[in-house]
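A structural walkthrough
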Amino acid sequence: MNIIQRFLLSAAVLAAGGLHLAAQTETDQAVHPKVGTSAQGSGLSIRLVNKHINYSGAAAEYRDVYVNSPKSANIHPDGTKYYVNSLEGCATIVYDMKTHKRLSVIQYKFEDKKDAALWSKPSNLYPFTHYTEHLNTFMGKPVESTFSHGGRYLWIPFYRRTYDLNAQDPSAIAIVDTRTDKIVRLMETGPLPKMVACSHDGKHVAITHWGNNTVGIVNVASLNPEDWYHEKLLVVDYVLPLNFSLTEQVDRDNKSGYCLRGTVFTEDDKYLLVGCMGGNGGIAVIDMETQEYLGRVLGMMANVRHLVIRDGYLYLSINKAGYVQRIPLSKFMAAAKSMKGKAKTTTLSGWQSCQVGAGARTIEISPSGHFVFAACNLASKLYVVDTRTMKTVCSIDVDSYPVGLDISNDGRLVIVTSQGRSNRGGNAVNLYEVEYDEPEPVLKNTDGAAVLDSLEHRSEPDLEKDNIAIVNEHDGDSYLTYAAVAGGAVILAAIALLWRKRSHT
């Protein structure tokens, strides 16, 4: 397949809504709660205060054409702005935290020569096996994000490079300088990266590859992005063989081995925990001191999606059944350490469970640790669990298919993203104001705090002198417009013509 055919195929997939559709039963009718919708629960109340939406019939005052199947949201640690990853729009949207006005759009359209200086040195860990030319000419489909260096940088992995129809060759991750909201680094990853997490000491970033049961570890101990490098590629049991069609789409949301997802460092950074949504499930455990995969802890419900560690507990969302579960972290780690040098699985009992809405996806915890917020995809609701009783205390409607979620450091704003699906529902960002019966504390920024301290005590001239801030900046060309979508029919016709011509040669 030549570059023209590849480009047309990529554009057609984008125009048609893309590859990433959830393989679960849809609700009969799309849910679109109005701004002002509220709910009262035990210990708190919630009110929908704003939206960013892009679907048929959407109110003009809330419409944003860049919202195209938003996958996740991340509030900057300083509380001034938030980032929304527009998966099918191949862009990240930046909004002001107070006014909710759009500040900028970071677009992921790359070309071989123009963007060559942004790429880090190849690691030789991620070889291409299906594509051989123009490997760095693509559009990236952003999934999740994490901050490093005290919020200075935002790491955004791409579900796939748009020419890679079935996400079976290496993808990439963009690193954005949040002072300018420009891309300053691009790094290779394994196939289909979804989750990304930064260690508490700011020295490592872990990239979880849904596509083939692997986890990449990047060393980011330096303050200079040009010094960052791939340190290790770890395998969870086995590397999934990938040899799918280059022209016919397959279901990579399910045909991906263990479907690695939720990723979190323990508070001492000695271990990395990774949830397994597929296979026989469990949580994979990696010893970060030896950079060794220990095995999988089983015993929780199947279909583990998101992981959070807080106040001595490991919390997880169970997607299909719609539950939030937890267990004392000390108990979990005792089971995990028992696998070292022995069997690759162990079963742990004693999980506390609370049923929420079907399709529990991202979960986050309030500053006090008293409330778990859960985005429930199939229920089209935001649920709240009281951790003191492990019971549901409140729920409120969300635009259909909520998936991503973040909460402000003071707990008063919860942002929920609703992914687009089959031209119904989704394509929305909902903003909720939360009032608590008891005042919540304000959490201090802990994203790479150790590195942040060293930055705070040095002036900008000093940083430039040490070449910390001297990096290439990049701003993608503007390309995401309604015209692109409207041109889908033309693109599809062009592809048909190409294939007809090919069939006669």
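The numbering scheme is per chain: residues are counted from 1 as the chain's sequence reads. Only residues with pLDDT of 70 or above have their local features reported here, since the model is predicted, and side-chain atom pairs are shown and tallied only from 80 upward, although totals for entire chains, interfaces and linings are computed over all residues. With hydrogens and water stripped out, all remaining heavy atoms of the structure feed into the side-chain values.

1. Describing the overall build of the protein chain
By the criteria applied, helices consist of DSSP H or I runs no shorter than four residues and strands consist of E runs no shorter than two, each listed in order from the N terminus. Summing up its helical and strand segments, the protein chain has six helices and 32 strands in all. Expressed as a percentage of its 505 residues, the buried residues of the protein chain come to 60%. Only the protein chains shown count as cover for residues, with accessible areas throughout obtained via the Shrake-Rupley method and a probe of 1.4 Å. For the protein chain, the exposed area adds up to about 19800 Å²; of that, 51% sits on carbon and sulfur atoms. Buried, partly exposed and exposed residues are distinguished by accessible area as a fraction of the type maximum, computed with a 1.4 Å probe on protein chains only: under 20%, between the cut-offs, and over 50%, respectively.

2. Digging into the state of the cysteines
Cysteine sulfur atoms are paired as a disulfide whenever they come within 2.5 Å of each other. According to the stated counting rule, one finds zero disulfides in the structure shown. Counting only cysteine sulfurs, Cys276 is the nearest neighbor of Cys259, a cysteine outside any disulfide, at a range of 9.1 Å. With no disulfide of its own, Cys376 lies closest to Cys354 among cysteine sulfurs, the gap being 9.8 Å.

3. Remarks on the environment of Val220
Along the chain, Val220 falls in the loop between β15 (214-219) and β16 (229-235). Given a relative accessible area of 0%, Val220 falls into the buried group. The contact criterion used is simple: two residues touch if any of their non-hydrogen atoms lie within 4.5 Å. Apart from residues no more than four positions distant in its own chain, Val220 is found in contact with His149, Trp155, Gly202, Lys203, His204, Val205 and Trp228.

4. Quick look at the sheet that holds strand β31 (residues 413-418)
The five strands are arranged β1-β2-β32-β31-β30 in an open sheet whose pairing can be described as antiparallel. At either margin of the open sheet sits one strand with a lone partner, and together these are β1 (38-41) and β30 (402-407). Sheet twist, expressed as the mean angle between neighbouring strand axes with direction ignored, is 25°. Being paired, for any two strands, means DSSP has found at least two bridges between them. Judged from the nine bridges that link them, strand β2 (residues 44-53) and strand β32 (residues 428-436) form a sheet pairing that is antiparallel. By the bridge assignment for β32, Ser45 is matched with Glu435. Note on method: axes are straight lines fitted to C-alpha atoms, helices fitted across the in-contact stretch only, with angles between N-to-C directions ranging 0 to 180 degrees.

5. Notes on the environment of Ile327
Note on placement: Ile327 falls in strand β23 (residues 323-328). For the pair Ile327 and Ser353, spaced 26 residues apart in the sequence, the C-alpha separation amounts to 9.2 Å. Those residues in contact with Ile327 that lie beyond four places of it in its chain are Gly312, Tyr313, Leu314, Phe332, Leu348, Ser349, Gly350 and Trp351.

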